[in-house]
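# Commentary on secondary and tertiary structure
Each chain, written out:
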Amino acid sequence: MSEQKDSIIEFPTRFPIKVMGQRHDDFSQTIFELVRIHAADLTAEDIELRVSSGGNYVSLTVTVTAISQEQLDAIYRAVTGHPMVKYVL
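Values in this document were obtained by computation on a predicted structure and should not be read as measured data.

## Quick look at the overall build of the protein
When you go through the protein residue by residue, the secondary structure sums to two helices and four strands. Tracing the protein from N to C terminus, the helices and strands come up as β-α-β-β-α-β. Along the three orthogonal principal directions, the C-alpha set of the protein runs to about 55 × 25 × 20 Å. Out of the 89 residues in the protein, the part that is buried amounts to 33%. Within the protein, contacts between residues separated by at least 24 positions form 70% of all contacts whose residues are at least 6 apart in sequence. Per element, the accessible surface of the protein, about 6,100 Å² overall, is 50% carbon and sulfur. The distance from the centre of the 8 positive side-chain charges to the centre of the 12 negative ones in the protein is 7 Å.

## Some remarks on the nonpolar core
Burial of nonpolar side chains together is a common tendency in soluble globular proteins. If you look at the biggest cluster of nonpolar residues, it comprises 21 residues, and the most contacted ones within it are I17, I31, V35, V62 and V64. Elements with a minimum of two residues in this core: β1 (13–22), α1 (27–38), β3 (57–66), α2 (69–80) and β4 (85–88).

## Topic: the pattern of salt bridges
A full pass over the atoms with the stated rule returns one salt bridge. In this structure, D46 engages R14 in a salt bridge whose closest nitrogen and oxygen atoms are separated by 3.0 Å. A residue pair is termed long-range when its members are at least 10 positions apart, and D46 in the loop between α1 and β2 (47–51) and R14 in strand β1 qualify at 32 residues. On the accessibility criterion, D46 (13% relative accessible area) is buried. What makes R14 partly exposed here is its relative accessible area of 44%.

## A word on the environment of E45
Looking at the secondary structure, you find E45 in the loop between α1 and β2. Spatially, the C-alpha atom of E45 lies 9.2 Å from that of V62, the residues being 17 residues apart in sequence.

## Things to note about the sheet that holds β4
The strand order across the open sheet built from four strands is β2-β3-β1-β4, with neighbouring strands paired in antiparallel fashion. Whereas interior strands pair on both sides, the edge strands pair on one side only; in this sheet they are β2 and β4. Geometrically, the sheet is characterised by an average inter-axis angle of 25 degrees between neighbouring strands, direction not taken into account. Those strands touched by α1 are β1, β2, β3 and β4, and its axis lies near 25 degrees from that of β3. Contacts between α2 and the sheet are confined to β1, β3 and β4, with β1 contributing the most and set at about 10 degrees to the helix.

Conventions used here
- Along each chain, residue indices are assigned from 1 in the same order as the chain's sequence is written.
- A pLDDT threshold of at least 70 governs which residues receive local features in this predicted model, and a stricter bar of 80 or more applies before side-chain atom pairs are shown or counted, although totals over entire chains, interfaces and linings include all residues.
- Excluding hydrogens and water, the side-chain values take into account all heavy atoms of the structure.
- The secondary structure listing takes helices from DSSP runs of H or I that are at least 4 residues long and strands from runs of E that are at least 2 residues long, numbered from the N terminus.
- Note on classification: 1.4 Å probe, protein chains only; a residue is buried when its accessible area is under 20% of the maximum for its type, exposed when over 50%, partly exposed between these limits.
- The contact criterion used is simple: two residues touch if any of their non-hydrogen atoms lie within 4.5 Å.
- Using the Shrake-Rupley algorithm and a 1.4 Å probe, accessible areas are obtained, with residue cover drawn only from the displayed protein chains.
- Charge assignment in this entry is limited to Lys and Arg as positive and Asp and Glu as negative, and neither His nor the chain termini are counted.
- For the purpose of locating charges, the reference atoms are NZ of Lys, CZ of Arg, CG of Asp and CD of Glu.
- By convention a nonpolar core is built from buried Ala, Val, Leu, Ile, Met, Phe, Trp, Tyr and Cys residues, the set being connected through side-chain atoms within 4.5 Å.
- Between Lys or Arg on one side and Asp or Glu on the other, a salt bridge is scored when a side-chain nitrogen of the former is within 4 Å of a carboxyl oxygen of the latter.
- In this description, strands pair whenever DSSP reports at least two bridges between them.
- To define axes, lines are fitted to C-alpha atoms, for helices over the stretch in contact only, and angles between the resulting N-to-C directions are given on a 0 to 180 degree scale.

See the structure below:
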């Protein structure tokens, strides 16, 4: 008997992922490329950028069209493993 991972998310769905790190010229492009490996339909319009009030940090909200829990897990692993990233929500 195989165990199936239950998810409270109904797929496909638009799913926002918030990624934060120190401000760097390549941060947005780097995160875009990391996520696009797992979500090929991602476009620049799917990313919202905010700079902290002090200008030292940046927050990206990357909204993907998620098709499975496995896809979301892969995106989280890729993003959290990158040295530019401080937090992922």
